[in-house]
Amino acid sequence: SYVLSRNIIAPVQSMKNASKRIAEGHYDERVSSSGTDELSQLAASFNQMAAQLEQVETMRRRLIGDVAHELRTPLTAIKGSAEGLMDGVLPANDATYQQIHNEAERLNKLLSDLQELSRVESKAISLDIHPLDVSRLIETTLKRMQFQFDEKRVTLNLNLPHSPISVLADEDRALQILTNLLGNALQYTPPNGTVTVTIEREKSYVKFSIRDTGIGIPSEHLTHIFDRFYRVDKSRSRTHGGSGIGLTIAKHLVEAHGGKIWAESAGENKGSVFIFTLPIG
């Protein structure tokens, strides 16, 4: 009886001590899970939970570091410009004030992106899902972005189906998905390049493809491209490379509609294509 009770109590006591250490912030704590009995299965589940908690904590720390880094860039520019004005190094003219205003706008955009990311990741968004005509959806998106494409001299092509087609989606969120993906394609496509939007009807969903002739994505980065704050080129500043949040928001919005999203690329400087699906209407 003593041996039997010891074999039962010892693993339980071990998990109790480990759970206490995890509660104190030691997320690398694990317990022995050898064997196939119920206690061993419980220990394996405990270790799995501890590993997930450790991963969440790592992501939290990384997020704090990323946010601090992203905020520092515009704040440093604003501070430098203000000090330059006070010291008389920078002239008090419209160009200087416009530079400060631009950095403040960039900071405001980042904060808005972070707020939106928080909502979509916590699923704190409500969707008004109803049938939407795809052609009208694309037309509205182009009206929003055509000027930006013309300004950068990037050609925007459309391959739409001949017959009308609709999707089940929230109109504002569907527009946000398309705007984010087209904005990303425009960001990484050089002047005189091309971005092509193709719509295809599959069995139970509609497939949207946004293909560009831009810088491309090396294969080792494809699995991380939708991670928040992730950039293929780490040397790019936020001014030239975006915040790294738009693709993450698009991913969560597509999945909230019951669709899928992924990226494909033949490699560096060979362009890329972002594909997502939405349920057919």
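Owing to the predicted nature of the structure, the values given are computational and were not obtained by experimental measurement.

K.L.:
What's the story with the environment of Asn-17 in this structure? I'm lost.
P.N.:
By the secondary structure assignment, Asn-17 is in helix 1 (residues 2-23). Remark: the alpha-carbon pair of Asn-17 and Glu-29, spanning twelve residues in sequence, is separated by 9.6 Å.

K.L.:
Sorry, what's going on with the pattern of salt bridges here?
P.N.:
Per the stated rule, a full pass over the model turns up nine salt bridges. Note that Glu-29 is salt-bridged to Arg-21, the shortest N-O span being 2.7 Å. The partner of Glu-255 in a salt bridge is Lys-251, and the shortest N-O contact between them spans 2.9 Å. One end of the pair is Glu-255 and the other is Lys-251, both in helix 7 (residues 246-256) and four residues apart, which spans about a single turn. When salt bridges with common partners are traced through the structure, they connect Glu-116, Arg-119 and Arg-173 into a single cluster.

K.L.:
I tried to follow helix 2 (residues 38-87) on my own but got confused; where do I start?
P.N.:
An α-helical turn contains 3.6 residues, so any two residues separated by three or four positions project in the same direction. Taking 1.5 Å per residue as the helical rise, helix 2 with its 50 residues ought to reach 74 Å, and the 72 Å between its terminal C-alpha atoms agrees with that figure. At Arg-72, helix 2 shows its largest bend, some 30°, and a proline, Pro-74, comes one to four positions later. When we look at burial in helix 2, the residues that qualify are Ser-40, Ala-43, Phe-46, Asn-47, Ala-50, Glu-57, Val-67, Glu-70, Pro-74, Ser-81 and Gly-84. Backbone geometry just after helix 2 places Gly-88 at a positive phi near 80°.

K.L.:
Sorry, what's going on with the sheet that holds strand 2 (residues 155-159) here?
P.N.:
Each strand in a sheet pairs with its neighbour through backbone hydrogen bonds, running either in the same direction (parallel) or in the opposite one (antiparallel). With mixed pairing, the five strands of this open sheet are ordered in space as 2-4-5-7-6. Of all strands in the sheet, those with a lone pairing partner are strand 2 and strand 6 (261-265), marking the two edges. Strand-to-strand twist across the sheet, computed as the mean angle between neighbouring axes with direction ignored, equals 15°. Strand direction decides the pairing type here: strand 4 (residues 194-201) and strand 5 (residues 205-212), joined by seven bridges, are antiparallel. Note that in strand 5 the partner of Glu-200 across the bridge is Lys-207. Against the sheet, helix 4 (residues 134-152) touches strand 2, strand 4 and strand 5, its axis set at about 170° to strand 2.

K.L.:
Please clarify how helix 4 should be interpreted in this entry.
P.N.:
Helix length check: helix 4, at 19 residues, gives a terminal C-alpha distance of 26 Å against a target of 27 Å (1.5 Å per residue), a fit within 8%. At Met-145, helix 4 shows its largest bend, some 50°. Turning to helix 4, its buried residues are Val-134, Leu-137, Ile-138, Thr-141, Leu-142, Met-145 and Phe-149. Residues of helix 4 that are buried sit in contact with strand 1 (129-133), strand 2, strand 3 (166-170), helix 5 (171-187), strand 4 and strand 5. Positive backbone phi, at 65°, marks Arg-153, one or two positions downstream of helix 4.

K.L.:
Would you mind showing me how to read the side chain of Thr-196 here?
P.N.:
The topology assignment puts Thr-196 in strand 4. Residue classification places Thr-196 among the buried residues on the basis of a relative accessible area of 18%. Among residues more than four places away in sequence, those in contact with Thr-196 are Asn-157, Asn-159, Ser-209, Ile-210 and Arg-211.

K.L.:
What exactly am I supposed to notice about the packing of aromatic side chains here?
P.N.:
Both the distance between ring centres and the angle between the ring planes are used here to describe each pair of aromatic rings. Under the counting rule described, the total for this entry stands at two aromatic pairs. Geometrically, the ring pair formed by Phe-208 and Phe-276 is stacked, given 4.6 Å between the ring centres and 5° between the ring planes. A residue pair is termed long-range when its members are at least 10 positions apart, and Phe-208 in strand 5 and Phe-276 in strand 7 (residues 272-279) qualify at 68 residues. Given the relative accessible area of 1%, Phe-276 is considered buried. When the ring of Phe-226 is compared with that of Phe-274, the centres are 5.9 Å apart and the planes differ by 85°; the resulting orientation is edge-to-face. Here Phe-226 is found in the loop between strand 5 and helix 6 (238-241), whereas its partner Phe-274 is found in strand 7, with 48 residues between them in sequence.

K.L.:
When you look at the environment of Lys-251 in this model, what are you seeing that I'm missing?
P.N.:
Lys-251 gets classed as partly exposed once you look at its relative accessible area, which sits at 25%. Here the alpha-carbon distance between Lys-251 and Thr-189, two residues 62 residues apart in the chain, equals 21 Å. Those residues in contact with Lys-251 that lie beyond four places of it in its chain are Phe-226 and Ile-261.

K.L.:
Looking at this structure, how should I read the nonpolar core?
P.N.:
The nonpolar side chains of soluble globular proteins are, as a tendency, buried together. Core analysis: the biggest nonpolar cluster contains 48 residues, and Leu-181, Phe-208 and Phe-276 have the highest contact counts within it. The leading source of residues in this core is helix 5, at eight residues. Beyond its immediate sequence surroundings of up to four residues, Phe-208 is in contact with Val-134, Ile-138, Val-167, Leu-178, Thr-198, Ile-199, Phe-274, Ile-275, Phe-276 and Leu-278. One finds Met-15, Ala-18, Ile-22 and Ala-43 within the second-largest nonpolar core, a separate group that totals seven residues.

How each quantity is defined
- Residues numbered from 1 in each chain as written.
- Predicted model: local features only at pLDDT ≥ 70, side-chain atom pairs only at ≥ 80, totals over all residues.
- Heavy atoms only, no water.
- Helix = DSSP H or I, 4+ residues; strand = E, 2+ residues; numbered from the N terminus.
- Salt bridge = Lys/Arg side-chain N within 4 Å of Asp/Glu carboxyl O.
- Expected span 1.5 Å × (residues − 1).
- Bend = angle between axes of the 7 residues up to and from the residue.
- Buried < 20%, exposed > 50% of the residue type's maximum accessible area, 1.4 Å probe, protein only.
- Pairing = 2+ DSSP bridges.
- Axes fitted to C-alpha atoms, helices over the stretch in contact; angles between N-to-C directions.
- Contact = heavy atoms within 4.5 Å.
- Phe/Tyr/Trp six-rings, centres within 6.5 Å; stacked < 30°, edge-to-face > 60°.
- Core = buried A, V, L, I, M, F, W, Y, C linked by side-chain atoms within 4.5 Å.

Geometric descriptors of this kind do not, in isolation, establish any biological role.
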